[in-house]
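Fold and contact review
Chain by chain, the residues run as shown.
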Amino acid sequence: MKTFKLRNGGTVSFDGMSASVVDSGKTTTLDSAVATAIGNTYVDADAGVFFQRQLELIKAKSYDVRYAELKARELFPVASEGGPGITTITYRTYDQVGAAKIINAYADDLPRADISGKETSVPVRSVGISYGYNFDEINSSALSGAALDQRRANAARRSVEQTVNQVAFYGDAESGLTGLFDNPNIPTGAVVNPGAGTNWASKTPDEILFDINELFADIFETTKMVESGNTLLLPPNQWSYIMATPRASNSDTTIGQYVAQNSPFIGSVSDIIPVNEFAAANNPQLAADAMMAYDRSPDKVELNIPVELEMLPVQQKNLEFTIPGRSRLGGLSIYYPLAFAIATGI
C-alpha cells in the first residue's frame, strides 16, 4: 500500500488495484480504473526520479573509461584554449629578414632588419553523439533496482574519442580539419634498401639502427640543428621486433634498448611507441609500413579540443529519454613541420 498527500491535506492510498481518498475524516473509495491510473502516474514519476539518479551515476563513471589503443591524446599535446564559443583557431608564425654587413665610418646605407609573418587559421567543428533509454527500460530498472546499462554511455564516449583519433591522424577534408598524414609539409621518404629489401624483417640490427639514426639525423641536419626529434613512432610489428631482438648474437641488449641508451635524441625506451596507424594495413594513406621521428612538444604540435565531451540535460521524445552530447574539435596544428620526419618501407 502506497500513500501520498494532497495539497489540501488529505491523503490518497492505493495498492495498484484499489484506492481511497481520506479528506477531513471522510473516506472515499475509488473505482479500479481510477486506481490503476493513479498507480501508473505514481510509478512513472517515481521512475523519473530514479532515472535521473541513474544518469548521474552513469555520466560520472563513463568519464573514467580509458582506451589505450586510441593514442592521439598521448602522442599530441592537447590544447583547450578558446572555449565553447570559438569558430576558428588562428596562430601566427614569424621569420626575420635582413642581414648585417661590414660598413665604413660614413656609411648611410645601413642594412635593414625586419620580420615577416603569416597567419594560419583552422576551423573548429562540433562533434555530436547521443544515447538513450526507452520508457520500459526505465520502469523496469526502477522496479527491479538494477542499474541502467552503462555500456551505452561508454559507447558514446568511445565514439567521440574515435572521431578525435581519426581527425588527429587523417584529418577531415569535408570539415576542413587537418591531421598528421594529410599535412603536405612533413618531410617523407623511403628507407635505404641495402640489397635484400627495405623491410626490417630482412635487415640486420646494424641496418635497422642505421634507418633509425638517419631519420633523426634528417631533422637535425636539415634544420641546421634548430630542430631535433625526441620520440619515435613505429608500427606494432616493428616495435615488437626491435624490443625483442638482440643487438647482436652475443648481446643481452635489444635493438630498442640500444637505441634508447645510445641515441642522442631518444631519452628512454618509453619514447619508442607502437602506433597502429603507422602500419599500412591499418592506414589507407600508407602504401607500406612507416615510422616517424618528431618533437613531442606543444611548441611544435597541438591537438585542438576547445571543448571536451559534455553530456547535456536529458531530453524526452515520445517514449524515449535521450542524452545528447557534444564536444568541439579543431584538428591537429603542426607549427613546425620540419620537426617531423616520416620514413616508409620498414
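Just above, that's the structure.
Counting starts from 1 at the beginning of each chain's written sequence and moves along it residue by residue. Reporting of local features is limited, given that this is a predicted model, to residues whose pLDDT is at least 70; pairs of side-chain atoms are given and counted only at 80 or more, and all residues count toward the totals for whole chains, interfaces and linings. Hydrogens and waters are ignored; side-chain quantities use all the structure's heavy atoms.

1. Considering the overall build of the protein chain
When helices and strands are counted, the protein chain shows 7 helices and 18 strands. Expressed as a percentage of its 346 residues, the buried residues of the protein chain come to 40%. In this analysis, two residues are considered to be in contact whenever any of their non-hydrogen atoms come within 4.5 Å of each other. Pairs at least 24 residues apart make up 69% of the contacts formed inside the protein chain by residues separated by at least 6 positions. Here the accessible surface of atoms and residues is derived via Shrake-Rupley with a 1.4 Å probe, and residues count as covered only by protein chains that are part of the display. Accessible surface, the protein chain: about 19200 Å² in total, of which carbon and sulfur atoms supply 51%. Every helix listed is a DSSP run of H or I at least four residues long, and every strand listed is a run of E at least two residues long, numbered separately from the N terminus. The rule is simple: take the accessible area with a 1.4 Å probe, protein chains only, and divide by the maximum for that residue type; under 20% is buried, over 50% is exposed, in between is partly exposed.

2. Some details on the side chain of K203
Looking at where K203 falls in the secondary structure, it is placed in the loop between β9 (188–190) and α5 (205–222). Residue classification places K203 among the buried residues on the basis of a relative accessible area of 6%. Nitrogen and oxygen atoms within 3.5 Å of one another constitute a polar contact, given that in protein one can donate a hydrogen and the other can accept it, and given that sequence-neighbouring residues count only through two side-chain atoms. Polar side-chain contacts of K203 include one of 2.6 Å to the side chain of D211. Not counting residues up to four positions away in its chain, the partners in contact with K203 are V191, V192, P194, G197, T198, I208, D211 and Y241.

3. Points about the packing of aromatic side chains
Pairing of aromatic rings covers Phe, Tyr and Trp, the last counted by its six-membered ring, and requires centre-to-centre distances within 6.5 Å; plane angles under 30 degrees mean stacked, over 60 mean edge-to-face, and any other angle means tilted. Going through the model one piece at a time under the given rule, you end up with 12 aromatic pairs. Centroid distance Y91 to Y335: 4.8 Å. Interplanar angle 80°. Geometry classified as edge-to-face. Taken together, the residues Y91 in strand β6 (residues 88–97) and Y335 in the loop between β17 (332–334) and β18 (340–344) connect sequence positions 244 residues apart. Y91 gets classed as buried once you look at its relative accessible area, which sits at 17%. Its relative accessible area of 18% is what places Y335 among the buried residues. Any Lys NZ or Arg CZ that is within 6 Å of a ring centre and within 35 degrees of that ring's normal is treated as a charge sitting over the ring. Seen from the ring of Y336, K300 lies directly overhead, with NZ or CZ sitting 4.7 Å from the centre.

4. Quick look at the sheet that holds strand β11 (residues 272–274)
By the convention used here, strands pair only if DSSP detects at least 2 bridges between them. An order of β9-β18-β12-β10-β11 is seen for the 5 strands of this open sheet, with the pairing classed as mixed. Two strands in the sheet have a free side with no partner beyond their single neighbour: β9 and β11. Each strand of the sheet is rotated relative to its neighbour by a mean of 20°, with strand direction disregarded. With 3 bridges connecting them, β9 and β18 associate as parallel partners. The residue bridging T188 from the neighbouring strand is I342, located in β18. Together, β10 (231–234), β12 (290–294) and β18 form the strand contacts of α5, whose direction differs from that of β12 by roughly 45°. In this analysis, axes come from line fits to C-alpha atoms, helices being fitted only over the stretch in contact, and the angle between any two N-to-C directions falls in the range 0 to 180 degrees. Here helix α6 (residues 236–244) sits on the sheet and contacts β10 and β11; the angle it forms with β11, its principal contact strand, is near 135°.

5. Looking at helix α3 (residues 135–144)
Within α3 the residues assigned to the buried category are I138, N139 and S141. Axial view of α3: buried residues confined to an arc of 160°, hence all on one face. For α3, the exposed residues lying more than 90 degrees away from the buried face are D136, L143 and S144. At the N-terminal end of α3, a side-chain oxygen is found 3.1 Å from the backbone nitrogen of D136, two or three residues along, and the residue is N134. What the arc describes is the spread of directions from the helix axis to the C-beta atoms.

6. Overview of the nonpolar core
Of all hydrophobic cores here, the largest spans 43 residues; its most connected members are F76, F169, L180, F278, L303 and F340. Looking at which element gives the most residues to this core, the answer is helix α4 (residues 151–170), with 8 residues. With near-sequence residues (within four places) excluded, F76 lies in contact with A168, F169, L180, V301, L303 and L332. The next biggest cluster of nonpolar side chains, apart from the first, holds 23 residues, and it includes F216, M243, V259 and F265. The set of buried Ala, Val, Leu, Ile, Met, Phe, Trp, Tyr and Cys residues whose side-chain atoms join them within 4.5 Å is what this entry labels a nonpolar core.

7. What about the sheet that holds β17?
One key point about sheets: their strands pair by backbone hydrogen bonds, in either a parallel or an antiparallel sense. Here 3 strands make up an open sheet; going across it, the order is β5-β13-β17 and the pairing mixed. Each having just a single partner strand, β5 (78–79) and β17 make up the two edges of the open sheet.

8. With respect to helix α7 (residues 255–262)
Those residues of α7 that sit buried are I255, G256, V259 and A260. Considered in projection along α7, the buried side chains sweep an arc of 135° and stay on one side of the axis. Looking at the buried positions of α7, the neighbouring elements they touch are α5, α6 and β11.

9. Focus: the environment of N199
Tracing the backbone shows N199 in the loop between β9 and α5. With 90 residues separating them in the primary sequence, N199 and D289 have C-alpha atoms 8.5 Å apart. Beyond its immediate chain neighbours, meaning those up to four positions away, N199 contacts G345 and I346.

10. A few points about the environment of T231
By secondary structure assignment, the location of T231 is in strand β10. The class for T231 is buried, based on a relative accessible area of 1%. Spatially, the C-alpha atoms of T231 and S268 are 9.3 Å apart, while their sequence positions differ by 37 residues. At a separation of 3.4 Å, a polar atom in the side chain of T231 contacts the side chain of R296.

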